[in-house]
Structure formats: structure tokens, C-alpha cells
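# Descriptive analysis of the structure
Here's the letter readout for the chains.
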Amino acid sequence: MISGRQIFKPEWPRIFLDNALMQAIATLPVKSGKCLNVGCGIEGRYRELLADYEVDGVDIAHPPQGKPMPWRYHRCDANKLPFADADFDLAVAIESFEHIEDNVHAIREIARTLKPGGWCILTTPAHWTWLFEFGRHGPHYYDLRALKDLIEKADLEICGQYAYGGAVFWCANLVKSWLSPFGIRLLGRYWWRVIDMALLPIYGLSRLTDRVLRFPASNWLVIAKKQGV
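Residues numbered from 1 in each chain as written. Predicted model: local features only at pLDDT ≥ 70, side-chain atom pairs only at ≥ 80, totals over all residues. Heavy atoms only, no water.

This paragraph deals with the nonpolar core. Counting 34 residues, the largest nonpolar core has Leu 21, Leu 50, Leu 90, Ile 121 and Leu 221 as the members making the most contacts within it. Elements with a minimum of two residues in this core: helix H1 (15–27), strand E2 (53–59), strand E4 (88–94), strand E5 (114–125), helix H5 (167–187), helix H6 (191–209) and strand E7 (219–226). The greatest single-element share of this core, amounting to seven residues, is contributed by H1. In this structure Leu 50 touches Ile 25, Cys 35, Asn 37, Val 55, Trp 71 and Val 92, once residues within four positions along its chain are discounted. (Core = buried A, V, L, I, M, F, W, Y, C linked by side-chain atoms within 4.5 Å. Buried < 20%, exposed > 50% of the residue type's maximum accessible area, 1.4 Å probe, protein only. Helix = DSSP H or I, 4+ residues; strand = E, 2+ residues; numbered from the N terminus. Contact = heavy atoms within 4.5 Å.)

Below you can see the structure in the form of C-alpha cells.
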């Protein structure tokens, strides 16, 4: 799946999403080339999964001073990408489109920069996660129909759409989200390590129950393709 020099290790708080991304990237027909990473952040997360690609990452955050990025980093808005038409073989937008206000323009920009026959992997939190922060996480909470409509507005063909992180996992993260404002006040940045360790047995249980108790899902993953040769 990747070149071998870097191994991606899924994390428990995002175990279903991480595994879904591993599988999606592994099964794509395109195995190398140029990759656009929209909403890449500044931590370099998922760099191992994209190690076989020449990656351009875009985000609105300021890059950390003195810290090298694992890909070419462009500080810009997703609605105005600084790339030529038909430039990329693959585009990924991992948990970013819930934050983009003008999501229609952004998905059209992704489609514009994809080569004909290029692929796009897009993930977002499911609409049921609105309850985690009562809508404060971002301007958009997608059900699968809304996500499908968004992608098709850019004339991308949907090749697969999937739900991940079922009822047990969803409930664990709901509790985590509701407790976090109090936990952060008590423990600061250590809170996240404490709560994830406390929930580890439930995360483990959710791996057994997820196939049966699929909904409400925590995340969507959609694979789409730009038409052309």
C-alpha cells in the first residue's frame, strides 16, 4: 500500500476512520503521482498513507516556525487553490469540508485541479455528530444525501460511499465531547490522554459491535472520480 519506509498506525479515537482511509487508498487504481491534500493541517497527519505521492497540502493555518512539513505547504483558502487545471492524480479532503463555508466552490476547485480520470477521497463527520458540540464544530453537518449532492455538483462520479464508527463508538465520543469542557479546565492538555485511556475498553468493544450496530455512524467516507480518459 505504501512504500514501506513509513508505517501508518491508526489511533483509537479515530480507529474506524483511519482504517477506512487505509483501505480506500490501498484499493485505488492510482498508486503514485501528484496528490492534493485539502485541509491538511500543520501536524502532518496521514503523511505515511500518502508517502508514495508528491503531495501539496493546503490549509488556512500558519505553519509552525522552524518545523519542516512532510509535503509542500500552501497557506490558502480551499475556494481559491493556487494550482493549474488538471494538475493532480489524487485529491484527499480528510475531515475538512465540515469547516469550509463555501463548500460548493471548494469541491469545484478540487474537481478543476484533478486530471481527467483522477480520484478524490473525502471524509466528514456524520450529521449525527452535531450533538457532540451542538453545531459549533463547523458550518456543515452532512448526511450521505447532502454529501452526494455536493460532490455531484462538481461533476464528480461517486464510486463508493461508506459509514464508519457505529453506535457504541458514537456514544463513547459523545460522552467524551460533553465531558471535555470540564476536563480541559481540570487537566489542561493532559485531559485528552486521560479520557482516551479511560475510553479504551469501549473503543475496543466497538470494534466487535460496529458491524451490527452501524448507526448512528460517526464518519462518512466517499470515493469519487473525475470523468475522462
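Our next topic: the sheet that holds E4. If you trace the seven strands from one edge of the open sheet to the other, you get E3-E2-E1-E4-E5-E7-E6, paired in mixed fashion. Single-partner strands in this sheet number two, and they are strand E3 (72–75) and strand E6 (156–164). Averaged over neighbouring strand pairs, the angle between their axes works out to 15° when direction is ignored. As paired strands, E2 and E3 are joined by four bridges and run parallel to one another. Residue pairing in the sheet places Asp 59 in a bridge with Arg 75 of E3. Lying on the sheet, helix H2 (residues 103–113) is in contact with strand E1 (33–38), E4, E5, E6 and E7; it crosses E5 at an angle near 150°. Relative to E6, helix H4 (residues 144–152) is tilted by about 155°, and along the sheet it contacts E5, E6 and E7. (Pairing = 2+ DSSP bridges. Axes fitted to C-alpha atoms, helices over the stretch in contact; angles between N-to-C directions.)

Its location among the elements puts Leu 199 in helix H6. Owing to a relative accessible area of 7%, Leu 199 belongs among the buried residues under this scheme. Note: C-alpha distance between Leu 199 and Thr 129 (70 residues apart in sequence) is 18 Å. Not counting residues up to four positions away in its chain, the partners in contact with Leu 199 are Ala 172 and Lys 176.

Attention now goes to the side chain of Ser 96. Within the secondary structure layout, Ser 96 lies in the loop between E4 and H2. A distance of 3.2 Å separates the side chain of Ser 96 from the backbone oxygen of Val 38, its partner in a polar contact. (Polar contact = N/O pair within 3.5 Å; in protein donor to acceptor, adjacent residues only side chain to side chain.)

The next thing to look at is the packing of aromatic side chains. According to the stated counting rule, one finds 10 aromatic pairs in the structure shown. Consider the rings of Phe 8 and Tyr 46, whose centres lie 5.4 Å apart with planes at 40°: the pair is tilted. Here the residue Phe 8 occupies a position in the segment before H1, and Tyr 46 occupies one in the loop between E1 and E2, the gap between them amounting to 38 residues. Summarising the aromatic geometry, the rings of Trp 128 and Trp 220 are spaced 5.7 Å apart at their centres and angled 50° between planes, so their arrangement reads as tilted. One end of the pair, Trp 128, is in the loop between E5 and helix H3 (130–133); the other, Trp 220, is in strand E7, and 92 residues separate them in sequence. Taken together, Phe 16, Phe 169 and Tyr 203 form an aromatic cluster joined through their ring pairs. (Phe/Tyr/Trp six-rings, centres within 6.5 Å; stacked < 30°, edge-to-face > 60°.)

Glancing now at unusual backbone geometry. A cis geometry characterises the amide bond from Phe 215 onward to Pro 216, with omega recorded as 5°. Backbone geometry at Tyr 46 places phi at a positive 75°, although glycine is not the residue there. Phi angles above zero are rare outside glycine, and Ala 86 is one such case at about 50°. Along the polypeptide, Ala 86 turns up in the loop between E3 and E4. Classification of Ala 86 as partly exposed rests on a relative accessible area of 34%.

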